[in-house]
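Chain by chain, the residues run as shown.
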Amino acid sequence: LKARVVNSRLRLLLLGILLTFAALGVRVAWLQTVRASSLANLAQRQTKFDLTLPASRGTIYDRLGVPLAIGEQATDVIADPMQISDPRREARVAAKALGLRVKPLYRKLSDRTVGFVYVERKASPRLAAKLSKLGLTGFTFQSDEKRVYPQDTVAAPVLGYAGLDNTGLAGLESELNKELAGRPGRETVVRDATGQAVNTVQERPARDGSSVFLTLDSHIQANAEQVLEQTVHQWHAKDATAIVLDPHTGAILGMAQEPGYNANNYPAFARTLAIDHAVNDVFEPGSVFKVVTVGGALSEHKITPQTRFTLPYSIHVADRVIHDAEIRPTERMTVAQILQRSSNVGAITIAERYLGESGLKHWMRRFGFGRLTGIDLPGESAGILPKYWSGSTIGNVPIGQGVSVTSVQLASVYAAIANGGEWIQPHLVDHVLGRTPPRPHRRRILAPAVDRELRTMLKGVVSDQGTAELAAIPGYTVAGKTGTAQKPGPSGYIPGAYVATFVGMVPASNPRLVVLVSVDEPHGQIYGGTVAAPAFEQIASFDLQYLEVPPDLRIGARG
Amino acid sequence: MTLFALLLSGVVAVNVAVLRAHVAVAKLDQQREQLQARNQALASEVSAASSAPRIERAARRLGLVQASAGNTSYLDLTSGGR
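Residues numbered from 1 in each chain as written. Chains lettered and ligands numbered in written order. Predicted model: local features only at pLDDT ≥ 70, side-chain atom pairs only at ≥ 80, totals over all residues. Heavy atoms only, no water.

**Q** I keep staring at the overall build of chain B and nothing clicks. Help me out?
**A** Along the backbone of chain B there are two helices and zero strands. Over its C-alpha trace chain B gives a radius of gyration of 31 Å, far above what one expects of a compact globule, namely 12 Å for 82 residues. Along the three orthogonal principal directions, the C-alpha set of chain B runs to about 95 × 40 × 15 Å. A burial count over chain B gives 11% of its 82 residues as buried. Roughly 6600 Å² of accessible area belongs to chain B as shown, and the carbon and sulfur atoms make up 64% of that amount. Both charge centroids of chain B, one from 9 positive and one from 5 negative side chains, sit 7 Å from each other. (Helix = DSSP H or I, 4+ residues; strand = E, 2+ residues; numbered from the N terminus. Rg over C-alpha atoms; globule rule 2.2 N^0.38 Å. Buried < 20%, exposed > 50% of the residue type's maximum accessible area, 1.4 Å probe, protein only. Areas by Shrake-Rupley, 256 points an atom, 1.4 Å probe, with all protein chains shown as cover. Lys, Arg positive; Asp, Glu negative; His and termini not counted. Charge placed at Lys NZ, Arg CZ, Asp CG, Glu CD.)

Laid out in structure tokens, this is it:
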């Protein structure tokens with residue numbers, strides 16, 4: 001009986017064990033089949049993390065390798081208000097650590113309707129690390145990149161700026177966004193229970209943006225900006241623009257405007273300041289445009305620099321009377337003197353007699369007015385040429401009225417004159433790292449012999465007989481042309497509003513530089529020779545010495 | 001049985017070594033990123049420090065003035081002239 005009882009107990013135990021194993025087997029089968037997929041996902045979520053690897057934005061360097069726009073490490077501080085139990089305290093602590101204002105931050109952290117708010121984007125990594133150590137609940141920290149312009153205002157309108165998501169929004173940052181931005185990568189990180197990364201599976205590596213080397217020289221640029229600042233201040237002008245060009249390559253060494261802005265302060269500055277006046281804005285050029293009239297007539301062999309004209313003080317063209325800037329008796333002037341003294345009557349006479357409407361249209365197009373230069377900046381304007389020619393148009397266009405041009409068009413035309421008559425596309429980008437440098441377009445606009453004559457005549461402008469005596473640089477020959485143009489408004493020219501311009505080349509014997517200075521709405525004085533020429537002299541003097549261009553005159557001699 | 005135990009320990013040892021290597025790689029990646037960031041920050045600092053307006057302000061404080069372009073002499077090494 002005793003043995004039977006023991007046997008039945010053993011059988012019971014065996015049955016219990018079998019049932020237990022059967023239950024475990026069923027559970028295993030359940031987990032391995034029905035729940036397999038969801039549990040595997042859960043396990044992956046707990047150990048594997050998909051990360052987007054941000055691509056570093058390429059650096060923009062000047063021609064000597066000085067970084068003008070660079071990416072610096074930053075930290076995005078993020079909070080989940082749903083996890084924050086004491087928003088007042090956390091706002092106070094976080095604001096103190098990051099140097100923020102408590103009230104706006106408290107408003108963000110106390111909004112429990114959202115699970116994600118930026119406490120600060122692109123915070124200093126040092127301050128973010130300090131805050132991280134405090135271990136606040138609901139705070140996370142994400143690595144980011146901040147676009148920095150180390151030289152602050154230098155070349156700001158040319159460089160443009162990148163937004164908070166590191167996308168170029170203006171200037172070269174926008175134009176070259178594709179090259180600068182790169183492509184973000186993707187990777188999966190496997191972490192252990194303590195959060196330590198134990199494996200990283202890179203699905204696609206990040207491809208950093210390419211660096212860009214410009215033709216700009218930060219020293220030439222900074223000096224031009226400084227000179228413009230003084231000029232605008234001295235003449236209480238609205239704004240001013242300067243371009244420094246290498247006429248033999250089309251490389252822009254400086255493109256300055258005043259007032260400028262500091263792109264590091266984005267988005268706190270006025271958007272109007274970010275407009276690149278040299279490329280986006282047009283203006284009536286005035287007498288600097290006379291090179292088109294004279295150059296055209298010279299090219300068609302209708303005149304020579306010595307051709308003489310009898311010129312009264314004023315001239316009737318259709319219903320308009322146009323006169324020279326200064327009252328004078330009727331005089332006989334050579335073509336060279338017409339340019340030297342910037343005679344409106346002389347330029348109109350040449351245009352009426354030798355070019356006419358079709359000739360002027362042809363030469364304006366040939367010099368590149370009315371079409372884009374193709375400079376590597378966004379929003380370039382082609383300028384405006386007259387669509388309808390009235391009887392008086394032939395009295396306006398030869399002296400630079402009724403046409404609108406950009407500063408860069410004008411500078412590139414004078415660069416062509418400085419380059420033996422060959423126009424080279426002005427450009428700011430020397431090369432993108434790892435790519436073949438682009439080849440700027442070239443085209444001949446003047447025959448070398450005509451160009452020599454024109455350049456010789458322009459030398460006469462920068463003399464005590466000419467309109468730009470103040471552009472003279474001791475030791476160097478200078479050639480150039482002044483312009484003083486009235487500003488057009490919705491109903492005719494605006495009284496008292498002028499644009500004073502000087503475009504020159506130096507040394508005139510073999511030009512290394514072309515410098516354009518344009519001053520918008522100066523007060524006190526309005527003439528290009530008085531307002532813009534001294535700024536040209538200051539900019540060119542600095543650049544000549546900086547670039548170690550030897551003088552082409554004996555000291556004491558005048559150009 | 002001993003052989004099986006040895007093989008098993010070998011597999012475990014290899015896995016541990018691989019894990020350690022992964023951890024080391026992750027740390028080195030982090031270090032590389034930090035160094036890159038530091039390098040960028042230093043390059044930016046150098047650019048800011050060497051900016052023309054800053055140098056000019058410092059030079060002016062020291063009483064230096066801009067030399068005139070026309071008064072600068074250049075030696076022509078080919079002819080020996082000035």
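**Q** Would you mind going over a nonpolar patch on the surface with me for this structure?
**A** On the surface, A:V6, A:L10, A:L13, A:I17, A:F21 and A:L24 cluster together into a nonpolar patch covering about 590 Å² of accessible area. Tracing the backbone through its elements, the reader meets A:L13 in helix α1 (residues 2-32). (Patch = residues over 30% accessible without salt bridge, like charges linked within 9 Å, V, L, I, M, F, W, Y side chains within 5 Å. Salt bridge = Lys/Arg side-chain N within 4 Å of Asp/Glu carboxyl O.)

**Q** Any chance you could explain the pairing of strand β11 (residues 239-245) of chain A here in plain terms?
**A** Residue and element names in this part refer to chain A. For β11, a buried count of seven out of seven residues is recorded, marking the element as mostly surrounded by other parts of the structure. With burial as the criterion, each face of β11 is covered, one bearing D239, T241, I243 and L245 and the other bearing A240, A242 and V244. Here seven bridges tie β11 to strand β22 (residues 513-520), and the two strands are oriented antiparallel to one another. Considered in β22, the bridge of T241 is made with S518. In terms of strand pairing, β11 meets strand β12 (residues 252-258) through six bridges, oriented antiparallel. Looking at the pairing, A240 lines up with E258 of β12. (Pairing = 2+ DSSP bridges.)

**Q** Looking at this structure, how should I read the packing of aromatic side chains?
**A** Residues and elements named next belong to chain A. All told, the structure shown has eight aromatic pairs over all chains when counted by the stated rule. Judged by centre distance (4.8 Å) and plane angle (70°), the rings of F502 and F536 are edge-to-face. One end of the pair, F502, is in strand β21 (residues 492-506); the other, F536, is in helix α17 (residues 528-546), with 34 residues separating them in the sequence. In this pair, the class of F502 matches that of F536, namely buried. Here the aromatic rings of F542 and Y546 are separated by 5.8 Å at their centres, their planes lie at 10°, and the arrangement is stacked. Highlighted residues: F542 and Y546, both in helix α17, separated by four residues, approximately one helical turn. With a relative accessible area of 13%, F542 lands in the buried category. Given the relative accessible area of 27%, Y546 is considered partly exposed. (Phe/Tyr/Trp six-rings, centres within 6.5 Å; stacked < 30°, edge-to-face > 60°.)

**Q** Would you take a moment to explain the pairing of strand β3 (residues 67-79) of chain A for this structure?
**A** Look at any regular strand and the pattern is simple: side chains alternate between the two faces of the sheet. Residues and elements named next belong to chain A. For β3, the tally of buried residues reaches eleven of 13 residues, placing the bulk of the element in the interior. Summarising the sheet, strand β2 (residues 60-61) and β3 pair through two bridges and their orientation is antiparallel. Pairing of I60 across the sheet is with A69, part of β3. From the end of β2 to the start of β3, which pair antiparallel, there are five residues, and G65 there has a positive phi angle of about 85°.

**Q** Please explain the side chain of A:D144 as it appears in this structure.
**A** All names here are of chain A. Mapped onto the elements, D144 comes out in strand β5 (residues 139-148). Of note is the side chain of D144, whose polar atom sits 3.4 Å from the side chain of K122. Sequence-distant contacts of D144, defined by excluding residues within four places in its chain, comprise E72, Q73, A74, T75, D76, R121, K122 and N166. (Polar contact = N/O pair within 3.5 Å; in protein donor to acceptor, adjacent residues only side chain to side chain. Contact = heavy atoms within 4.5 Å.)

**Q** Would you explain the interface of chain B and chain A in this entry?
**A** As a measure of interface size, the accessible area lost when the parts come together is often cited. Every contact between the two is made by 26 residues of chain B and, on the other side, 31 residues of chain A. Roughly 2200 Å² of surface becomes buried between chain B and chain A when both sides are summed, with 55% attributable to carbon and sulfur atoms. It is B:Q40, B:A69 and B:Y74 in chain B that bury the most area against chain A; as a group they hold 24% of the surface buried on that side. In this structure, the connection of chain B to chain A is made through zero salt bridges. Counting across the chain B and chain A interface gives six residue pairs in polar contact (both at pLDDT 80 or more). (Buried area = accessible area lost by both parts, 1.4 Å probe.)

**Q** Would you take a moment to explain the nonpolar core for this structure?
**A** In summary, soluble globular proteins display a tendency toward joint burial of nonpolar side chains. All names here are of chain A. If you look at the biggest cluster of nonpolar residues, it comprises 132 residues, and the most contacted ones within it are M255, Y414 and V517. Ranked by the residues each element gives to this core, the list is headed by helix α13 (residues 344-367), at ten residues. In terms of nonpolar packing, the next biggest core, distinct from the first, is built from 18 residues, A79, A91, L131 and F139 among them. (Core = buried A, V, L, I, M, F, W, Y, C linked by side-chain atoms within 4.5 Å.)

**Q** How do you make sense of the environment of A:F369 when you look at a structure like this?
**A** All names here are of chain A. Looking at the element boundaries, F369 is found in the loop between α13 and α14 (393-396). With relative accessibility at 1%, the residue F369 sits in the buried group. Between the C-alpha atoms of F369 and Q409, which are 40 residues apart in sequence, the distance is 6.8 Å. Beyond its immediate sequence surroundings of up to four residues, F369 is in contact with F289, V292, M364, A382, L385, V405, Q409, L410 and V413.

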